Amino acid sequence: MKKMLHEELAFPGYERVVYYDDPSAGLKAFVSIHNTNLGPSCGGIRMLPYASKEEALKDVLLLSKGMSYKSALAGIGFGGGKSVIIGDPTKKTPQLFAAFAEFLEMFEGKYIAAKDMNISSDDLMMIKQSSRYVLGIDGEAGSLGDPSPVTARGILRGLEATVEQIYGSKSLKGLKVAFQGVGHVGYATAEMVVKAGGEVWVTDIDQKAQDRAAKELGAHVVSNDAIYDVACDIFAPCARGGSLNEKTIPRLNCRAVVGCANNQLATEQDGMRLLERGILYAPDYAVNSGGIINIFVEYEGYDQQKAFSMADGIYETMTEIYSRAKSANKAPFLVTDKLAEERLYGRN
Ligand code: NAD
């Protein structure tokens, strides 16, 4: 008989956290279901060579809670969940994903898995051979595949709500936006800003991505480091997390930060640093929910127009966040969690 370890763990505020170890398949993984008040939990699978089990657990707890908040703010019928596989992503095997599928079945649809760091559509396809609880596979019938156009649309709406707060009108005409990263989402957002009459500055570690933005969008290209100093209205982090920190915030020469990267603030203190500098910060998880919105629409039966129109709702959510922040005289990032909690647990 196959030897497996299945360990149920209890954490306050979390519905179910399970560790699974299947030595024959080389699988060591956690699934964390934070909350299902609004619907089945959904969140990506992350595969990393975590230094320890504790480190992986910390990540899955944090990320699954983040998904509850993100989905609640997005107004979709998903709760928050996440999974992590502890392992070297260069050593993925079909056995590993078959074992992960078995693990997934244990939750009977209360956790739906999607892509995250180091997990591809091919990996999800392997899981799907033995589990129904997988969404967001590129090229599958009933899915847009790449969610970035929907994410970009949401960022644009977040941008409009932010610009309206600062200048009293949501028009992007003449707006100067500095993009850190012009990959899938960054480029698509920059394109919409230019179409709306704005001007863009870009940087990317990929020379081709920079060149394309210069050629197709008339973007001004600056070095990876100089992007922080660009005199602009909006700084848009669209590359990796943690780019707003004690070194970069003093350099920013903008009125607001709106971008798609996850976890833009290196620490919570950096939110206060932005506030002290009078820079309005649109919380990343409130504006970058287009990806999860796209998966939710896939869950219900894919309709691209519906996905875009749900992403348009990010404008209303951001307007509500700014208005609450103003009346409470607090930074927007401080009132955003509260709004998510009201949607998750009801008003108290
Ligand atoms: P992507 O890989 O297509 O684009 C990221 C771009 O950033 C790449 O062109 C890369 O070369 C560049 N980059 C990386 N490090 C950089 C650096 N230090 N300076 C400048 N450029 C750098 O990814 P994406 O799908 O556009 O997503 C961008 C970010 O948004 C990621 O953090 C992602 O997790 C987050 N996000 C994406 C989606 C989505 O729908 N794709 C949804 C929510 C959040």
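For the structure itself, consult the block above.
Quick caveat, the model's predicted, so the values are computed rather than measured.

Draft legend 1. Fine view of the overall build of the protein chain. A count of helices and strands for the protein chain gives 12 helices and 12 strands. Here the protein chain has a C-alpha radius of gyration of 20 Å; the compact-globule value for 348 residues is 20 Å, and the two agree. A principal-axis box enclosing the C-alpha atoms of the protein chain has dimensions of 65 × 50 × 40 Å. Counting across all 348 residues of the protein chain, residues that qualify as buried make up 54%. Of the accessible surface of the protein chain, which amounts to about 15300 Å², a share of 51% is contributed by carbon and sulfur atoms. Each charge class in the protein chain was averaged separately, 38 positive and 43 negative side chains, and the resulting centres sit 2 Å apart.

Draft legend 2. Fine view of the environment of L280. Along the chain, L280 turns up in strand β12 (residues 280-281). Since its relative accessible area comes to 22%, L280 is described here as partly exposed. Along the chain, L280 and F103 lie 177 residues apart, while their C-alpha atoms are 43 Å from each other.

Draft legend 3. Structural detail: the nonpolar core. F78, V177, F179, V200, I234 and M318 are the most contacted members of the largest nonpolar core, which has 63 residues in total. Here the element with the most residues in this core is helix α4 (residues 148-167); it accounts for 8 residues. When neighbours within four sequence positions are excluded, F179 is seen to be in contact with G186, T189, A190, V193, V200, W201, V202, T203, I227, A236 and C238. In this structure, I33, F107, L124 and Y133 belong to the second largest nonpolar core, which totals 26 residues.

Draft legend 4. Just the pairing of strand β2 (residues 16-22), in detail. Burial of β2 is extensive: 6 of the 7 residues sit out of reach of the surface. Across 5 bridges, strand β1 (residues 5-9) lies against β2 in antiparallel orientation. Opposite E7, over in β2, you have Y19 as the bridge partner. The hairpin formed by β1 and β2 contains 6 residues between the paired strands, and G13 there has a positive phi angle of roughly 90 degrees. Both β2 and strand β3 (residues 27-35) contribute to a ladder of 7 bridges, which runs antiparallel. Note that in β3 the partner of D22 across the bridge is L27. A loop of 4 residues connects β2 with β3, the two strands running antiparallel in sequence, and G26 in this loop sits at a positive phi of about 70 degrees.

Draft legend 5. Broad picture of the site of the ligand. With respect to spatial proximity, 17 residues lie near the ligand, and among them T151, H184, V185, D204 and A239 are the closest. One of the backbone N or O atoms of V185 is found 2.8 Å from an oxygen atom in the ligand. One of the backbone nitrogen or oxygen atoms of A239 is found 2.9 Å away from an oxygen atom of the ligand. Considering the ligand on its own, with 830 Å² of exposed area, one finds that the protein chains cover 73% of that surface. When residues of the shell around the ligand are traced back to their parent elements, those giving at least two are α4 and α5 (184-195). Here the shell around the ligand is built from residues that sort into 7 nonpolar, 7 polar and 3 charged.

Calculation criteria
- Residues numbered from 1 in each chain as written.
- Predicted model: local features only at pLDDT ≥ 70, side-chain atom pairs only at ≥ 80, totals over all residues.
- Heavy atoms only, no water.
- Helix = DSSP H or I, 4+ residues; strand = E, 2+ residues; numbered from the N terminus.
- Rg over C-alpha atoms; globule rule 2.2 N^0.38 Å.
- Buried < 20%, exposed > 50% of the residue type's maximum accessible area, 1.4 Å probe, protein only.
- Areas by Shrake-Rupley, 256 points an atom, 1.4 Å probe, with all protein chains shown as cover.
- Lys, Arg positive; Asp, Glu negative; His and termini not counted.
- Charge placed at Lys NZ, Arg CZ, Asp CG, Glu CD.
- Core = buried A, V, L, I, M, F, W, Y, C linked by side-chain atoms within 4.5 Å.
- Contact = heavy atoms within 4.5 Å.
- Pairing = 2+ DSSP bridges.
- Near = heavy atom within 4 Å.
- Polar contact = N/O pair within 3.5 Å; in protein donor to acceptor, adjacent residues only side chain to side chain.
- Nonpolar A, V, L, I, M, F, W, Y, C, P; charged D, E, K, R; others polar.

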